[in-house]
Each structure stands twice: as C-alpha cells, then as structure tokens.
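Overview (structure and organization)
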Amino acid sequence: MDGSSRKKWVAWAVAAAIFVVLMIVTPAIPQNEDYHDFADHRTLFLGIPNTLNVISNIPFFFVGVAGLILCHYKDYFRLSSQGELWSWTLFFAGVTAVAFGSSYYHLYPNDATLVWDRLPMTIAFTSIMAIFIIERVDERAGAKSLAPLVIAGALSILYWSYFDDLRPYAVVQFVPCIAIPVMAIVIPPMYTHSSYWLWAAGFYLLAKVEEAADKPIYKWTHEIVSGHTLKHLCAAMVPVFLALMLAKRAIEPERVSLLQKWKVKLITVRESRSKDENTIDVNCNYSVVSTTSEQ
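Cut-offs applied
- Position labels on residues start from 1 in each chain and follow its written sequence.
- With the structure being a predicted model, the display of local features is reserved for residues of pLDDT at least 70 and the display and counting of side-chain atom pairs for 80 or more, all residues being used for whole-chain, interface and lining totals.
- In computing side-chain values, all of the structure's heavy atoms are included and hydrogens and water are not.
- UniProt positions are given in the numbering used here, feature names are shortened, and annotations may be inferred rather than shown by experiment.
- Numbering of helices and strands starts at the N terminus; helices are DSSP runs of H or I of at least 4 residues and strands are runs of E of at least 2.
- Exposure categories follow from relative accessible area, calculated using a 1.4 Å probe and restricted to protein chains: below 20% of the type maximum is buried, above 50% is exposed, and the middle band is partly exposed.
- Any two residues whose heavy atoms approach within 4.5 Å at even a single point are treated as in contact.
- Per-residue and other accessible areas follow the Shrake-Rupley method at a 1.4 Å probe size, with only the shown protein chains counted as cover for residues.
- Salt bridge, as used here, is a side-chain nitrogen of Lys or Arg placed within 4 Å of a carboxyl oxygen of Asp or Glu.
- Note on aromatic pairs: the rings of Phe, Tyr and Trp (six-membered ring only in Trp) are paired at centre separations within 6.5 Å, and the planes decide the class, stacked below 30 degrees, edge-to-face beyond 60, tilted for the rest.
- Any Lys NZ or Arg CZ found within 6 Å of a ring centre and within 35 degrees of that ring's normal is scored as a charge over the ring.
- For our purposes a nonpolar core is just a set of buried Ala, Val, Leu, Ile, Met, Phe, Trp, Tyr and Cys residues, chained together by side-chain atoms within 4.5 Å.
- In summary, the charge assignment counts Lys and Arg as positive and Asp and Glu as negative, without counting His or the chain termini.
- Polar contacts here mean pairs of N or O atoms no more than 3.5 Å apart (in protein, one a potential hydrogen donor and the other a potential acceptor; neighbouring residues in sequence count only if both atoms are side-chain atoms).
- Helix span, as expected, comes to 1.5 Å for every residue beyond the first.
- One axis is fitted to the seven residues ending at the residue and one to the seven starting there. The bend at that residue is the angle between these axes.

The name an unreviewed UniProt entry gives the protein chain is Ceramidase, with Urochloa decumbens as the organism. On record in UniProt, under Subcellular location (unreviewed entry), the comment for the protein chain is "Membrane". Turning to the protein chain, the UniProt annotation filed under Sequence similarities (unreviewed entry) states: "Belongs to the alkaline ceramidase family."

Time to look at the overall build of the protein chain. Within the protein chain, the regular secondary structure consists of eleven helices and zero strands. Looking at the protein chain residue by residue over its 295 residues, the buried ones come to 41%. Taking all contacts inside the protein chain whose residues are at least 6 apart in sequence as the whole, residues at least 24 apart take part in 73%. Accessible surface computed for the protein chain: about 17000 Å², of which carbon and sulfur atoms make up 69%.

What follows concerns the pattern of salt bridges. All chains considered together, the criterion is met by seven salt bridges. For glutamate 211, the salt bridge goes to lysine 208, with nearest N and O atoms at 2.8 Å. With a gap of three residues between them, glutamate 211 and lysine 208 both fall in helix α8 (residues 195-212), about one helical turn apart. Look at lysine 208 and you get partly exposed, because its relative accessible area is 22%. Three or more residues are tied together by salt bridges with common partners; here these are Glu84, Glu135 and Arg249.

Under the UniProt annotation, the feature "transmembrane region" (unreviewed entry) is placed at residues 54-73, 85-106, 118-134 and 146-163. Annotated as residues 85-106, this span is 100% helix and 0% strand, and its ends, taken at the C-alpha atoms, are 32 Å apart.

Looking now at unusual backbone geometry. Phi is mostly negative for residues that are not glycine, and the peptide bonds are mostly trans. If you check the backbone angles, leucine 46 has positive phi at about 55° while not being a glycine. Inspection of the secondary structure assignment puts leucine 46 in the loop between α1 (3-25) and α2 (51-55). Given the relative accessible area of 77%, leucine 46 is considered exposed.

All right, on to the packing of aromatic side chains then. Enumeration over the complete set of coordinates arrives at 17 aromatic pairs. A ring pair is formed by tyrosine 196 and phenylalanine 241, whose centres lie 6.2 Å apart and whose planes are at 50°; its orientation type is tilted. Remark: phenylalanine 241 occurs in helix α10 (residues 227-248) and tyrosine 196 occurs in helix α8; sequence separation between them is 45 residues. When sorted by exposure, tyrosine 196 lands in the same class as phenylalanine 241, which is buried. Taken together, Tyr76, Phe77, Trp88, Phe91, Phe92, Phe132 and Trp197 form an aromatic cluster joined through their ring pairs. Taking the ring centre of tyrosine 35 as reference, the NZ or CZ of arginine 118 above it sits at 5.4 Å. A cation over a ring is seen here: arginine 118 above tryptophan 160, with NZ or CZ 4.9 Å from the ring centre.

Before going further, it helps to examine the environment of leucine 246. For leucine 246, the position within the fold is in helix α10. Discounting residues that sit within four places of it in the chain, leucine 246 has contacts with Phe77, Arg78, Leu79, Trp88 and Phe92.

This part is about the nonpolar core. Core analysis: the biggest nonpolar cluster contains 50 residues, and Trp88, Phe91, Phe92, Ile128, Trp197 and Leu242 have the highest contact counts within it. Elements represented by at least two residues in this core include exactly α3 (58-72), α4 (82-107), α5 (111-136), α6 (139-163), α7 (167-186), α8 and α10. The dominant element in this core, judged by the number of residues it contributes, is α5, at eleven residues. Apart from residues lying up to four places away in sequence, phenylalanine 92 is in contact with Val63, Gly64, Gly67, Leu68, Cys71, Phe77, Pro239, Ala243 and Leu246.

Moving on: the side chain of arginine 136. Residue position: arginine 136 is located in helix α5. Despite its burial, arginine 136 pairs with no opposite charge, the nearest such side chain being glutamate 135 at 4.1 Å. Here the side chain of arginine 136 touches isoleucine 187 through a polar contact of 2.9 Å, landing on its backbone oxygen. With sequence-adjacent residues up to four places away left out, arginine 136 is seen in contact with Met183, Ala184, Ile187, Pro188, Pro189, Ser194, Trp197 and Arg255.

Moving on, we get to α6. Given a rise of 1.5 Å per residue, 25 residues ought to cover 36 Å, and the 36 Å separating the end C-alpha atoms of α6 matches this to within 8%. By the largest-angle criterion, leucine 146 marks the main kink of α6, which is about 35°, and a proline, proline 148, follows within four residues. Those residues of α6 that fall on the buried side of the exposure criterion are Ala141, Gly142, Ser145, Leu146, Leu149, Val150, Gly153, Ser156, Ile157 and Trp160. A side-chain oxygen of the first residue of α6 lies 3.2 Å from the backbone nitrogen of arginine 140; this N-cap is aspartate 138. Looking at the residues trailing α6, positive phi occurs at aspartate 164, about 50°.

What follows deals with α7. Here α7 contains 20 residues, and its C-alpha end-to-end distance of 28 Å stays within 8% of the 28 Å for a straight helix at 1.5 Å per residue. At phenylalanine 174, α7 shows its maximal kink, close to 25°; a proline, proline 176, follows between one and four residues later. Residues of α7 that are buried: Arg167, Pro168, Tyr169, Val172, Gln173, Pro176, Ala179, Ile180, Pro181, Met183 and Ala184.

Pasting the structure below:
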C-alpha cells in the first residue's frame, strides 16, 4: 500500500471513529411529531390536500429529468470519467425521485410517508459528496466512495425508521452542507465556473431558513404562501445551478482555489484604492495658487 492509499484509509477510519464516538456520547434524536404540522393545509383544487406543498415539488421532476437526459445525451456535460457520469446520474435520479417522494409525503404527512421524502434526498446528498471527492481530492477514491456513501445514506433512513433516531440521518444531511461549501472555497477545482457551487449552497441554506420559518412566513404573506412551499422552490434551484455549471464548465487550466482568487482580488482592490489616494494627495500638493494681486 503506497502513502496516498494509506492516507485515504486513515481518513476513512478517522471519519468512522468520529461517527461511532458521536453515536456513543450523544443522546438519540427522535422525530418530533410537530414536524408534520405544516402551516398551509389548504385544498385549493383537484381535491389535492395540502395543495401548494404537494405541487411545489413539480420543479424537482423537470430539473431531475433534464439533468438525467443531459448526462447521457451526446456527452453534453462533458463528464470526464465513469465515476463522474454515475455520480451525477444518481444525483439527478435522486432529484427526480424527490418530486414523487415529497409529493407523496405532503399528501399524507406522517413518519411512514416521510421515509419516501427523505430517501431520495439522501441519494442526492451522498452522490454530491462523491462528486466532490472526485473533483477536489482524488478521482478513483471518489468513484469508489459513491456506492458506500449512497448505501450509508439509505441505512441512515432505515435506522431512523426502525429506532426513531435521527442522528445518522443528520450526519448524512448536514455534513455535506458544511463540507461542500468549505471544499468549494479552499480546494482548487478541476473545472471552471466552480462559483456555481456556492450559489447552489446559498439557495439550499435559504431553503432551510424558509423551512424553519414555515408558519411565520405564512402569516407574513397573509396566508398566500407558506415557508415550506417556498423551501421546495428554493431547493429546486440547487440542481438548476449545478446543471448550468455542468453545461458551462471546462477543464480548469490553472487550478486555483476560490479563496486564493478572492485574496488576489482583495489585494488588487486595496492597491487600486491606495493609488487613487496617492493621486489625490499629489493633485492637492501641486495645485497652483495665484498670489498676484489684480491691478
């Protein structure tokens, strides 16, 4: 085993050890039944209960299907390896499945239907983590991690459904939310247009805020739209930005992290301001003042 492989195994072992320790030292997190009590219960048309929370999942279907087609249509996304191809395929498949799983859940909100809402989301989360490992760390390691990550995500849902404990699912959901923006900023990208990752992360963060403010938003909008409905629409923007990134990007000739680019821009702005201030000082120092009295 070479040094690189040893480091990868050590990293996975450390991650597993940290997870085990967290499971030992932290208490179980049961599903709060109030979670199913959404602000908007209206049946607006076609006899669909919770209408807006159900139909606001439709964008996931169209974006997911479009992504799946473009992944395999004439190499439109120019994916450079089989690992990338199958990781993005699983991601867009997960997005497509969210449209069905989340709609089914919002028709009949309870723990049993919530399983079908969360399962496709874990497929999307874990596929994205594999993609990031492929792009930012190591292509082979990322490709090999795809199946274990997706299986771990599915097991986290099964664990919650049997033991009413959300801790593994919380890890699967929130670790990518932290790791992906950090990696997008710090680690040099393989491709151009990597700032789209931050746009996607920003919309996902906004979606989580809207989810938490479901009832206040419903009240603020005079019961026109709830926070949870807006959450679906904002979350659907995540695969939109990622699909745009895939369509536009190319191999990055000079792999420079976003953090380094921001530092260079900051230095350039400071130097520009400094030059402007010096120019003003010079103009002030050399201004001519006439002291000759007029006759």
